[in-house]
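Residue-level structural notes
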Amino acid sequence: MKNRIVALFLVILLSAFNCFNADEAFDVRKHLSTVSRYGAVKEIADSNFIPSKVPDGCVPTHLNLVARHGTRSPTKKRIRELDNLALRLEDLIKDARGRNLPLERVPSWLDGWKSPWQGRLKGGELITKGEEELYDLGLKIREKFPTLFDEEYHPNIYTIRATQVPRASASAVAFGMGLFSGNGSLGPGRHRAFSVLSESRASDIMLRFHDCCHNYKHFREKQEPAVGKLKEPVLDEITSALVGRYGLNFTRQDISSLWFLCKQEASLLDITNQACSLFGPSEIMLLEWTDDLEAYILKGYGNSLNYRMGLPLLEDVVESMEQAIKAEEERRPPASFEKARLRFAHAETIIPFSCLLGLFLDGSGEAFISFTI
């Protein structure tokens, strides 16, 4: 008789600060911390992630997936920041002209730049690239575990959950379209309808525990100013370097906003020759480090409260696996028990949960490395 296995897949998009090889062309899209696209870190993942060897004779019985949403547009708050950056750059150019600064030193794109999201009243939604990422992930999961998805669809057999945030539920839909493509009767792609369950934001202790835990909210409120102080020396050093390089009177806030613009342009628009070109590779890696530092302190191993909040999610994962194992031991018919539990959430879910599992932590404290499947 074949042995049965259960599997947990955790899909994480973090940074790979130590993965730059000087002999290779520097690609800023591999250094965008949690803004990195799924595909941008695949080469890093392939060379650093060693998959577990499945023993001969084992076949999958049940799969758990905890995934982050796909690539999204900037939020309303960030859109306003970029609008303010446009005004600030206009003032800097005027100031440079008033000082008779040779504008040959200033990158031409800065003069008259406007945010690509100017005038947008809403933000944070899943973009087309994000839809494609999750659709492809659904195809990939079905290809990797074909025997798990050979049953006729039923919501109790293939449970799909997402947070109430639209980009997470849209990611679940895109994933499901890939996972179940060709198995229905809708349209040329033979798609099928499927259920996506969501819990209220105020009570979603499994996928949005950071919104439900008052102790964490208090901790974060106290720590954010301290994190900002830790980032200041790096931002000040890079500010000084860019002032000397371009002659513009950049401030620390300007550099922070330009780094955010770089990440959005590179990840969402594949533009790397504007904001990102202001920084050298070593400066980009330092800026990436500041993002990783913030994630470490406010979401990761920096405080046990960050990941202890994920215990209800871990309990749910373990319980669903135990139920599948029990059903298999009792030799229930395949269509009578859950074969996959699929969840779609956020970096604030994935990073703490990966810490709760003890992933990416070694003796030197280098806890951040990228992988995806």
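This is a predicted model, so every value here is computed, not measured.

**Some remarks on the packing of helix α3 (residues 128–144) against helix α4 (residues 166–179)**
- Contact geometry for α3 and α4: axes closest at 7 Å, N-to-C directions at 40°. Compared by their axis directions, α3 and α4 come out oblique. Considering how the two elements wind past one another, α3 and α4 form a crossing that is right-handed. Every residue of α4 that contacts α3 at E131, L134, Y135, L137, G138, L139, I141 and R142 is listed here: S171, A174, F175, M177, G178 and L179.
- Here the residues of the contact of α3 with α4 are counted per class, giving 9 nonpolar, 3 polar and 2 charged.

**Focus on α3**
- The end-to-end C-alpha separation of α3 is 24 Å, in line with the 24 Å expected for 17 residues at 1.5 Å each.
- Buried residues of α3: G130, E133, L134, L137, G138 and I141, and no others. In a view along the axis of α3, the buried residues occupy a sector of 135°, so they form one face of it. Along α3, exposed side chains directed more than 90 degrees from the buried face belong to T128 and E143.

**Topic: the pairing of strand β4 (residues 340–345)**
- Summarising burial for β4: 6 of the 6 residues are buried, a large majority.
- Residue alternation in β4 divides its side chains into two sets, A340, L342 and F344 and R341, R343 and A345, and both sets are buried.
- As judged from the 6 bridges shared by strand β2 (residues 58–68) and β4, these two strands associate in the parallel manner. When the bridges of β4 are listed, L63 appears paired with A340.
- When strand β3 (residues 158–162) meets β4, the two strands line up parallel, connected through 5 bridges. Note that in β4 the partner of I160 across the bridge is L342.

**A closer look at unusual backbone geometry**
- Its identity as a non-glycine residue notwithstanding, N100 has a phi of 55°, on the positive side.
- For N100, the location among the structural elements is in the loop between α2 (76–98) and α3.

**As for the state of the cysteines**
- Following the criterion strictly, the structure yields 1 disulfide and no others.
- Each sulfur of the disulfide joining C262 and C276 lies 2.1 Å from the other. Judged by the sign of its S-S torsion, about 100°, the cystine formed by C262 and C276 is right-handed. Residue C262 is located in helix α7 (residues 252–269), and its partner C276 is located in the loop between α7 and α8 (281–298); the two are separated by 14 residues in the primary sequence.
- According to the relative accessible area criterion, C276 is buried, its value standing at 3%.
- Free cysteine: C213, not disulfide-bonded; nearest cysteine sulfur from C212 at 8.6 Å.
- Residue classification places C213 among the buried positions, given a relative accessible area of 18%.

Rules used in this analysis
As a convention, each chain's residues are numbered from 1 in the sequence order in which they are written. Thresholds applied to this predicted model are a pLDDT of at least 70 for local features of residues and 80 or more for the giving and counting of side-chain atom pairs; totals over whole chains, interfaces and linings are not thresholded and use all residues. Heavy atoms throughout the structure, all of them, feed into the side-chain values; hydrogens and water do not. Think of each axis as a best-fit line through the C-alpha atoms, taken over the contacting stretch in the case of a helix, with angles from 0 to 180 degrees between the N-to-C directions. The helix and strand labels rest on DSSP assignments: H or I over at least four residues marks a helix, E over at least two residues marks a strand, and numbering proceeds from the N terminus. Put simply, angles under 35 degrees are roughly parallel, angles over 145 are roughly antiparallel, angles from 65 to 115 are roughly perpendicular, and the rest are oblique. Handedness of a crossing is defined here by the sense of rotation of the near helix relative to the far one, left-handed for an anticlockwise turn of less than a right angle and right-handed for a clockwise turn. In what follows, a contact means two residues having at least one pair of non-hydrogen atoms within 4.5 Å. Note on residue categories: nonpolar means Ala, Val, Leu, Ile, Met, Phe, Trp, Tyr, Cys or Pro, charged means Asp, Glu, Lys or Arg, and polar means any other residue, Gly included. To estimate the expected span of a helix, count its residues, drop one, and scale the result by 1.5 Å. Only protein chains enter the accessibility calculation, which uses a 1.4 Å probe; a residue whose area is less than 20% of its type maximum is buried, one above 50% is exposed, and one in between is partly exposed. The arc refers to the directions leading from the helix axis to the C-beta atoms. DSSP calls a pair of strands paired once it identifies at least 2 bridges connecting them. In this description, the term disulfide denotes a pair of cysteine sulfurs within 2.5 Å.

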